[in-house]
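# Understanding the architecture of this molecule
Chain by chain, the residues run as shown.
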Amino acid sequence: MAVELVLRSTRVITPGGTRAASVAVAAGKITAVLAHDAEVPAGARLEDFGDDVLLPGLVDTHVHVNDPGRTEWEGFWTATRAAAAGGITTILDMPLNSLPPTTTVDHLRVKQDVARAKAHVDVGFWGGALPDNVKDLRPLHDAGVYGFKCFLSPSGVEEFPQLDQERLATSLAEITGFGGLLIVHAEDPHHLESAPQNPGPKYADFLASRPRDAENTAIQNLIDQARRLNARVHVLHLSSSDALPLIAAAKAEGVRITVESCPHFLTLTAEEVPDGATEFKCCPPIREAANQDLLWDALADGTIDCVVSDHSPSTADLKTGDFATAWGGISSLQLGLPAIWTEARRRGRTLEDVVRWMSAAPAALAGLDAKGAIEAGRDADFAVLAPDETFTVDPAELHHRNQVTAYAGKTLYGVVKSTWLRGTRIAYHGTPTEPTGRLLERQN
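Read on for a plain summary of the structure. (Residues numbered from 1 in each chain as written. Predicted model: local features only at pLDDT ≥ 70, side-chain atom pairs only at ≥ 80, totals over all residues. Heavy atoms only, no water.)

### A short note on the overall build of the protein
Here is the rule: Secondary structure elements follow DSSP: runs of H or I of four or more residues count as helices, runs of E of two or more count as strands, with numbering from the N terminus. Here the radius of gyration uses the C-alpha set of atoms, whereas the globule reference equals 2.2 Å times the residue count to the power 0.38. The contact criterion used throughout is that any non-hydrogen atoms of two residues lie within 4.5 Å. Only the protein chains shown count as cover for residues, and all accessible areas are computed by the Shrake-Rupley method using a 1.4 Å probe.
A tally of helices and strands in the protein yields 12 helices and 18 strands. Relative to the globule expectation of 22 Å for 444 residues, the C-alpha radius of gyration of the protein, 21 Å, shows essentially globular dimensions. When contacts within the protein are restricted to residue pairs at least 6 apart in sequence, those whose partners lie at least 24 apart make up 74%. Summed over all atoms, the accessible surface of the protein reaches about 15700 Å², with 50% contributed by carbon and sulfur.

### Quick look at the sheet that holds strand S7 (residues 88–93)
Our working rule: A strand pair is defined by DSSP finding two or more bridges across the two strands. Fitted lines through C-alpha atoms give the axes, limited to the stretch in contact for helices. The angle between two N-to-C directions lies from 0 to 180 degrees.
With parallel pairing, the three strands of this open sheet are ordered in space as S6-S7-S8. The open sheet has two free edges, formed respectively by strand S6 (58–63) and strand S8 (122–125), since each of these has just one partner strand. When the angles between neighbouring strand axes are averaged without regard to direction, this sheet yields 20 degrees. Both S6 and S7 contribute to a ladder of four bridges, which runs parallel. Counterpart to Val63 in the pairing with S7 is Asp93.

### Quick notes on the packing of helix H11 (residues 336–346) against helix H12 (residues 351–366)
For clarity, the cut-off: To sort the angles, those under 35 degrees are grouped as roughly parallel, those over 145 as roughly antiparallel, those from 65 to 115 as roughly perpendicular, and the leftovers as oblique. Note on convention: the crossing is left-handed when the near helix lies turned anticlockwise from the far helix by less than a right angle, right-handed when the turn is clockwise. Residue polarity is assigned by list, with Asp, Glu, Lys and Arg as charged and Ala, Val, Leu, Ile, Met, Phe, Trp, Tyr, Cys and Pro as nonpolar; anything else, Gly included, falls into the polar class.
One can describe the packing of H11 onto H12 by two numbers: an axis separation of 10 Å at closest approach and a directional angle of 135 degrees. Looking at the two axes, H11 sits oblique to H12. Judged by the sense of rotation from one axis to the other, the crossing of H11 with H12 is right-handed. The segment H11 lies against H12, with Gly336, Leu337, Ile340, Trp341 and Ala344 engaging Leu351, Val354 and Met358. Its residues assigned to classes, the contact of H11 with H12 comprises seven nonpolar, one polar and no charged.

### Considering the nonpolar core
Soluble, globular proteins show a tendency: their nonpolar side chains are buried together. The line we're drawing: By nonpolar core is meant a set of buried Ala, Val, Leu, Ile, Met, Phe, Trp, Tyr and Cys residues that side-chain atoms within 4.5 Å join together. Burial status follows relative accessibility: with a 1.4 Å probe on protein chains alone, a residue under 20% of its type maximum counts as buried, one over 50% as exposed, and anything between as partly exposed.
Counting residues in each nonpolar core, the largest one holds 95 residues, and the members touching the most others are Phe148, Leu182, Leu238 and Val354. When residues no more than four places from it in sequence are discounted, the contact partners of Phe148 are Trp126, Gly127, Gly128, Ala129, Leu137, Leu140, His141, Ile175, Phe178, Leu181, Leu182 and Ile183. Membership of the second largest hydrophobic core comes to 20 residues, among which are Leu92, Phe151, Leu181 and Leu368.

### Quick look at empty space enclosed by the protein
Put simply, the rule is: Both site types are read off a 1 Å grid over the protein atoms alone. A 1.4 Å probe that fits but cannot get out defines a cavity, while an open set with protein on both sides within 12 Å along at least five of seven lines defines a pocket; lining residues have an atom within 4 Å of a point. Grid points are joined across faces, edges and corners, and a volume is the space filled by probe spheres set on the points.
One pass over the structure, following the stated rule, counts two cavities of 30 Å³ or more. Counting residues per element, the ones that place at least two in the lining of the largest cavity are S6 and H11. If you tally residues by element for the lining of the largest cavity, the top one is S6, at three residues. A per-class count over the lining of the largest cavity returns nine nonpolar, three polar and one charged.

### So, the pairing of strand S15 (residues 382–392)
In terms of strand pairing, strand S5 (residues 53–56) meets S15 through four bridges, oriented antiparallel. Note on S15: the bridge partner recorded for Leu54 is Val384. Pairing analysis gives eight bridges linking S15 to strand S16 (residues 411–421), with the strands arranged antiparallel. From the neighbouring strand, Thr392 faces S16, where its bridge partner is Thr411.

### Re unusual backbone geometry
With an omega of 5 degrees, the peptide bond between Asp67 and Pro68 qualifies as cis. Note on placement: Pro68 falls in the loop between S6 and helix H1 (76–85). In this structure, Pro284 follows Cys283 across a cis peptide bond, with omega equal to -5 degrees. Examined against the element boundaries, Pro284 turns out to sit in the loop between helix H9 (263–267) and helix H10 (289–301).

### Section: the pattern of salt bridges
Between side chains of opposite charge, pairing is possible as soon as their charged atoms come close. As a reminder, the rule being used: Basic side-chain nitrogens of Lys or Arg form a salt bridge, by our definition, when they fall within 4 Å of a carboxyl oxygen of Asp or Glu.
Inspection of every chain in the model, using the stated rule, returns 31 salt bridges. A salt bridge links Asp52 to Lys417, with the shortest nitrogen-to-oxygen separation between them at 3.5 Å. Of the two residues, Asp52 sits in the loop between strand S4 (45–48) and S5 while Lys417 sits in strand S16, which places them 365 residues apart along the sequence. The burial state of Asp52 is the same as that of Lys417; both residues are buried. Each of Lys29, Asp122, Lys371, Asp379, Asp381 and Arg422 takes part in one network of salt bridges that share partners.

Next comes the structure, spelled out in structure tokens:
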């Protein structure tokens, strides 16, 4: 294939490290990573980014788009615009908070039909595992979902009930039988029920209502089930550092478990959350600074595999001043890369680390073999980042449908100059183009 486009930078992040390079693109694929001064083929267009960093487009495997059914909360048009503006080129949509939830093949087709014309980035889908849909799991797998999400405690929406330990075992056995992946909201309901419940505006009261023990017990139970069945499981949005030794030991033993954390757990702390500021509410909760330090250590040593947004928006009126009743979810889809980079650079980590956590590892988790790296044969998905430039978060400049964010007013490092999907620029200086994203289905 004739090379159509060459993207050049003095800093290109590849699986082999960061180097000056020219990246050749044809038919939406990377064909070669060449020397910086390589001759541009006849007929090809050159985009020279100077010293701005060229990195692989980010892959966010934890996004609640809520479309259809709760589109006043978010939608495919707005969520994928926010993703594109933030350097994300692929998202996987969670099965709940939309109506219907993605728990049958028919429901999956409804969601795909809604998303198809609105996607500014590539979009894949998780299925849902409920107490009564074991019969639907293999058909959903065959229809191309990337795995199945379940809750071990109440989800917050009545149409997506939790699995108790018996039903978890049943679903996990079924999913393991066809080689699937179960991704788990791991909080133990008994610990939550016995925790102190003091409604009101005080963040300390809310934090006490979601104790670390709830996560720790649920994760230990999940490890036990995965060990027994030789199942593949993934812990969503890890918040409790107390669970890290359990996870590290399970990995060392050969249990097939992976773990994610999120920008809000890695960049925000309980000590800084003002009373009544429910834009900071999420479940599990943002914990103390000392806890956060241990999460960063676990990223560094590989106990935590990846960082994804858990973008879970709502309308502003649902963020009441009472932490007990406010909707729990952080809107951060557009801001995850600069938020993580700001904290990573402060802690002496590199952009190569950030790319591993936010692009390569999420792509590997979902089996997105064409995503997650700048190397020949992958999709030509890129973000161009000015890592030393700063900006102050103005909610009015976000593309999320509801411009509520815990990051309002924060000054962050890392300005996304442009985003590219299969060799086409889909966002420029924060402004997305018309949608060119595709719907993805699991291929293996």
